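# Observations on the three-dimensional arrangement
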Amino acid sequence: MILNNERVRSSKYYSVGYSPFLEKYVLAAVVSRAAWYNIYFFITEEEYDLSFTAPEKLDRLADECYKSEEPQRFIFSEKTAENNSKQNKLYEESRRYDKEHGGNSGFYERF
């Protein structure tokens, strides 16, 4: 998923940014079991700003999301077996959007 103003926390296996497709801020967590793929969660702009001001708080939120303690935030997984039909449809729409808009620019900032 394209994320504008992406900030990557590589030591914690997640990134945050603004999704122009969803028009919302998103946390993308890397699942590194057996296969590498991302799972996506909604966050607020204020939570995104934690990447500048209090990354340890964002680390805790990322951990809670990853452990499925924040199911209301779950958008979709790149592993379609983890999604319901609505989430799989949204995932496919996001892939089309990315393809039409050139995918990620590759630009990001580590924090």
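Preceding this section is the structure that the text describes.
Calculation criteria
- Residues numbered from 1 in each chain as written.
- Predicted model: local features only at pLDDT ≥ 70, side-chain atom pairs only at ≥ 80, totals over all residues.
- Heavy atoms only, no water.
- Buried < 20%, exposed > 50% of the residue type's maximum accessible area, 1.4 Å probe, protein only.
- Helix = DSSP H or I, 4+ residues; strand = E, 2+ residues; numbered from the N terminus.
- Pairing = 2+ DSSP bridges.
- Phe/Tyr/Trp six-rings, centres within 6.5 Å; stacked < 30°, edge-to-face > 60°.
- Lys NZ or Arg CZ within 6 Å of the ring centre and 35° of its normal.

Our focus in this paragraph is the pairing of strand β2 (residues 14–19). Of all 6 residues in β2, 5 are buried; the element is thus mostly enclosed. Of the pairings in the sheet, the one linking strand β1 (residues 4–9) to β2 comprises 4 bridges and is antiparallel in character. Pairing of V8 across the sheet is with S15, part of β2. Hairpin geometry of β1 and β2 is characterised by an intervening segment of 4 residues between the two adjacent antiparallel strands and by a positive phi of about 60 degrees at Y13. One ladder, built from 6 bridges, connects β2 with strand β3 (residues 24–31); its direction is antiparallel. Bridge pairing in β3 links S15 to A28. Here β2 hands over to β3 after 4 residues, with E23 in that stretch at a positive phi of 60 degrees.

Taken as a whole, this structure holds 9 aromatic pairs when the rule is applied. For the ring pair Y25 and Y48, a centre distance of 5.0 Å and an interplane angle of 40 degrees mean the geometry is tilted. Of this pair, Y25 sits in strand β3 while Y48 sits in helix α1 (residues 45–53); the two residues are 23 residues apart in sequence, bridging distant segments of the chain. Since its relative accessible area comes to 19%, Y25 is described here as buried. The exposure class assigned to Y48 is buried, which follows from its relative accessible area of 7%. Centroid distance F76 to Y91: 5.3 Å. Interplanar angle 50 degrees. Geometry classified as tilted. Note that F76 is positioned in strand β5 (residues 74–77) and Y91 in helix α3 (residues 85–100), a separation of 15 residues in sequence. Taken as a pair, F76 and Y91 share a single burial class, namely buried. Within the aromatic cluster, the residues linked to one another by ring pairs are Y18, Y25, Y48 and F52. Lying across the ring of F52, R7 places its NZ or CZ 4.0 Å from the centre.

Coordinates in, geometry out; function isn't part of it.
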